[in-house]
Amino acid sequence: MTNEGDIRRFRIRLERPEGTFTFDARSDEYLLYSMIDAGIETPYICEQGWCLACAARLVSGNVDRSDALTVYPQDAEAGFLLLCSTKPCSDLVLMLDERQTRRDMMQHRIEHNQLARAYPPGARLRFRRGRAKARVDACTRSATGTRTDEPATSAQMGLIGSKPK
Ligand code: FES
């Protein structure tokens, strides 16, 4: 881990069937975008944490999942996370099988009576959050107990002043 002011950088190890990848991730950015910046391809669709396209498993380390539109404690207990809406709080080891992990997470949610891939209220307006940065450093926020459930504004979600990707 390195520090640049309030921003920390963590080392992420990603284990995939085709091999192991290592990249750095900022504490204020979602893991999906750190992977893309590192040239690692991975599936994603909604970029808001509800479609499960970017599901991965956390093998070790600490993360903040609270920006996902669908967050269930059972997901964390089972080690699932959504790369598009999860920020690192430490060095991590992740596991991602593009063919299997999303199915496993969906099945896990069904088994726990959670809605798998349901459109959350307001999702159409928010479709594709994109690279919106964390509003507050996730790890600092959880340490200070600040509320985390306020909806993001259009500007924060990158919907104003930019064209959709
Ligand atoms: S891209 Fe939809 S949950 Fe991550």
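Reference entry: report on the structure contained in this document. Note that the structure is a prediction, hence the values are computed from the model and not measured.

Time to look at the environment of Cys84. Mapped onto the elements of the fold, Cys84 is located in the loop between strand S6 (80-82) and strand S7 (87-88). The buried category is assigned to Cys84, around which 27 C-beta atoms lie within 10 Å. In the structure, Cys84 is positioned 31 residues away from Ala53 in sequence and 9.2 Å away in space, judged by C-alpha atoms.

The next point concerns helix H3 (residues 101-111). The complete set of buried residues in H3 reads Thr101, Arg102, Met105 and Arg109. Along the axis of H3, the buried positions cluster into a sector of 100 degrees, meaning they face one direction only. Facing away from the buried side of H3 by over 90 degrees, the exposed positions are Arg103, Gln107, Ile110 and Glu111. Contact partners of the buried residues in H3: strand S4 (55-60) and S6. Immediately beyond the C-terminal end of H3, within one or two residues, lies Asn113, with a positive phi of roughly 55 degrees.

What counts, and at which threshold
- Residues numbered from 1 in each chain as written.
- Predicted model: local features only at pLDDT ≥ 70, side-chain atom pairs only at ≥ 80, totals over all residues.
- Helix = DSSP H or I, 4+ residues; strand = E, 2+ residues; numbered from the N terminus.
- Buried ≥ 20, exposed ≤ 12 C-beta atoms within 10 Å, placed from the backbone.
- Arc of directions from axis to C-beta.
- Contact = placed C-beta atoms within 7 Å.

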